[in-house]
Amino acid sequence: MASFFAFLLLLIASTAPSVRGGENLTAYEVLQQYDFPIGLLPSGVTGYELDSSTGKFSAYLNGTCKFAIESYELEYKSTITGIITKDKISSLKGIEVKVLVLWLNIVEVIRDGDELQFSVGIASANFPVSNFAECPSCGCGFDCVNETEKMIKLNRLVSSA
């Protein structure tokens, strides 16, 4: 679904000078306030901090989050940091995408109308914003339903043997 979703980023925000996650807005809702889709972050963000005067943010996961989407592998570290402003996330750290055989850091995400541009510094790629309408899950990305179905079928086979 979310093609080069590999270039996800997280963000956070609020209107207070320094916000800690959980004060009314989720990290996903804050993302939307900056005109980004929620699918830039995987499910399971446990908290975030944002300094609205500088745009500096940190988002937290319970641990490293890995998954594949189409031909890309993504890895989110347990802490993701950067600077967020309307339609732009810069100085991003904590999100990597595997391109061919190389792991590259996603360093910037820019929204331009209905497109998101993901930059790894030396190159960038554009994807439709609509590809990021839902949040991927750690371990299975957008293919969790199929993974659950496989586990149910496997459990039935094992228990019937």
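Scroll up to find the structure.
Sequence order sets the numbering: in each chain, residues are counted from 1 along the sequence as written. In view of the model being predicted, local features appear only for residues whose pLDDT reaches at least 70, and side-chain atom pairs are presented and counted only at 80 or more, with totals across whole chains, interfaces and linings using the full set of residues. Processing note: side-chain calculations cover all non-hydrogen atoms of the structure and skip hydrogens and water entirely.

(A) Expanded view of the pattern of salt bridges. By convention in these notes, a salt bridge is any Lys or Arg side-chain nitrogen within 4 Å of a carboxyl oxygen on Asp or Glu. Taken as a whole and judged by the stated rule, the model has seven salt bridges. We note a salt bridge from E75 to K66, for which the minimum N-O separation is 3.3 Å. In this structure, K77 engages E75 in a salt bridge whose closest nitrogen and oxygen atoms are separated by 2.4 Å. Residues joined in a network through salt bridges with shared partners are D35, K86, D87 and R111.

(B) View of the pairing of strand 5 (residues 72-85). At least two DSSP bridges between two strands are needed for those strands to be called paired. Put simply, DSSP H or I for four residues or longer makes a helix, DSSP E for two residues or longer makes a strand, and each gets a number counted from the N terminus. Across five bridges, strand 3 (residues 56-60) lies against strand 5 in antiparallel orientation. By the bridge assignment, K56 is partnered in strand 5 with I83. Where strand 4 (residues 65-69) lies against strand 5, five bridges are found, and the strand directions are antiparallel. Each bridged residue has a counterpart across the sheet, and for A68 the counterpart in strand 5 is E73. Hairpin connection of strand 4 to strand 5: two residues between the antiparallel strands, including E70 at a positive phi of 50°. As paired elements, strand 5 and strand 6 (residues 88-99) share eight bridges and run antiparallel to each other. Opposite E73, over in strand 6, you have K98 as the bridge partner.

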